[in-house]
Amino acid sequence: MFCIRLFTILLFLLSSNGNSVFNQYKETLKEIHTPENSKKNPVLALNKYEQLRNKKVVSLFIVLIIILFFLFYFFYENNRLKQKIKRKDIKQKILLNVINAGIDSQEIERKKIASFLHDNVNSLLSSAGLHLNVFTIQNNINSEEIQKTKAILTEVHDLLRDISHDLVPALLVRFGLIYALEDLCERNSNSNIIFEFSSTIPTEKRYVEKFEMKIYFIISELFSNIIKHSDAKKTTISLVEKNNQLVIVIHDDGKGFTTKKTKDAEGFGLNRIRARIKKFKGNFTIDSKPKEGTTIKIKIPLPH
C-alpha cells in the first residue's frame, strides 16, 4: 500500500510538472507565431521553443523510467511472495507427510500387536487354563493355590483382551465402523458424561478397512479430548453420507474455548487429527465459544 501511494504521489507531481511545462510550451508557440515577436528576435523565440520541447521530452522520459521501475518492483515483490507461499506449502506438505507416516506406522504396529495378543498370547493362556482344569479334574485336586492360579490366568486373559480391543477393536475389524462407534460411545459413557450416537448409514455398511480404522481413531482421539478438557455432561455424534462424503458432527455442552486463539485449540493435539483428515482430502472445522460448548464438523470423501 505504501508503494502504491508513493507511486500515485510521484505521478501526480510529475503530471503537474508536465502540465506546467506543456502550458509554457503553448505560450511559447503563441509568442513565436506572434508577428511582432517573430520580427524582433526569431532566433531567441526558436531557442526558447526548443528548450521547452526538450524539457517536455525529459519529463516524459523520467515518468516512463519511474513507471518501469515500479512495474519491475511490483513483479519482483509478487514473485518473491509466490516463492514464499510455495516454500510454506512445501514445508506444510512435508510436515503432514511426516505426521501421517508416523500415524500410519503406529496403526500398523497397533494391528500387529493386537493380532499377536489375540491370536497368540490369549490363545496360550486359554490353553494353559484348559490344561490346568483337565489336570485338576483327572487327579481330583482341589488346591487353593491352583484356584488362585486359575483366577490369575483369567485376569491376565481379560486384561490382554482389553488391551487388544483398545489397540484395534474386534468389532471394527469384524463388523465395521458403525458397530465400533456405537460400542465406543457406550464404553465412554458413565455417570459424568454421556455419549449419544446417531447415524443414517446402515449398520451393516462396510468401507475400506484402512478408511474405517482412520475414522475410528480420529473420533476416539476427539472423544478423549472431550473427556479430558471439555467438562461436558453430554456429547452427541452423528454420521451421514452426503454428496459422496462422510459427514461427522460431534457436539458437546462443555465449557468451550475461543477458536481465534489457535494455539489453545492446537494444544489439544488437533494437529495429528488435521493431518489424518488432510491425507484423505477432507475438511475439519471447529466452532466453539466459552460456556457454549464445541461443535466439530468433519467431511471426508468416501473411498471408492
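Residues numbered from 1 in each chain as written. Predicted model: local features only at pLDDT ≥ 70, side-chain atom pairs only at ≥ 80, totals over all residues. Heavy atoms only, no water.

Tallying each qualifying case throughout the model produces 7 aromatic pairs. Pairing F69 with F70 gives two aromatic rings, centres 5.5 Å apart and planes at 80 degrees, and the pair type is edge-to-face. Judged by centre distance (5.6 Å) and plane angle (80 degrees), the rings of Y216 and F217 are edge-to-face. Taking relative accessible area as the criterion, F217 reaches 5% and is therefore assigned buried. Pairwise contacts between aromatic rings join Y207, F211 and F280 into one cluster. (Phe/Tyr/Trp six-rings, centres within 6.5 Å; stacked < 30°, edge-to-face > 60°. Buried < 20%, exposed > 50% of the residue type's maximum accessible area, 1.4 Å probe, protein only.)

Look at helix α7 (residues 209-230): 31 Å from first C-alpha to last across 22 residues, which is about the 32 Å you get at 1.5 Å a residue. Immediately downstream of α7, the backbone of D231 shows phi near 55 degrees, a positive value. (Helix = DSSP H or I, 4+ residues; strand = E, 2+ residues; numbered from the N terminus. Expected span 1.5 Å × (residues − 1).)

Further remarks concern the sheet that holds strand β2 (residues 234-242). Here 5 strands make up an open sheet; going across it, the order is β1-β2-β3-β5-β4 and the pairing mixed. Across the chains shown, the open sheet's two edge strands, defined by having one partner strand only, are β1 (194-199) and β4 (283-288). Here the average twist between neighbouring strands, direction ignored, is 10 degrees. Where strand β3 (residues 245-252) and strand β5 (residues 294-301) come together, 8 bridges link them in antiparallel fashion. What sits directly across from D252, in β5, is T294. The sheet strands contacting helix α6 (residues 177-188) are β1, β2 and β3, and the helix crosses β1 at an angle near 160 degrees. In the packing of helix α9 (residues 270-279) onto the sheet, the strands contacted are β4 and β5, and the crossing angle to β4 comes to about 145 degrees. (Pairing = 2+ DSSP bridges. Axes fitted to C-alpha atoms, helices over the stretch in contact; angles between N-to-C directions. Contact = heavy atoms within 4.5 Å.)

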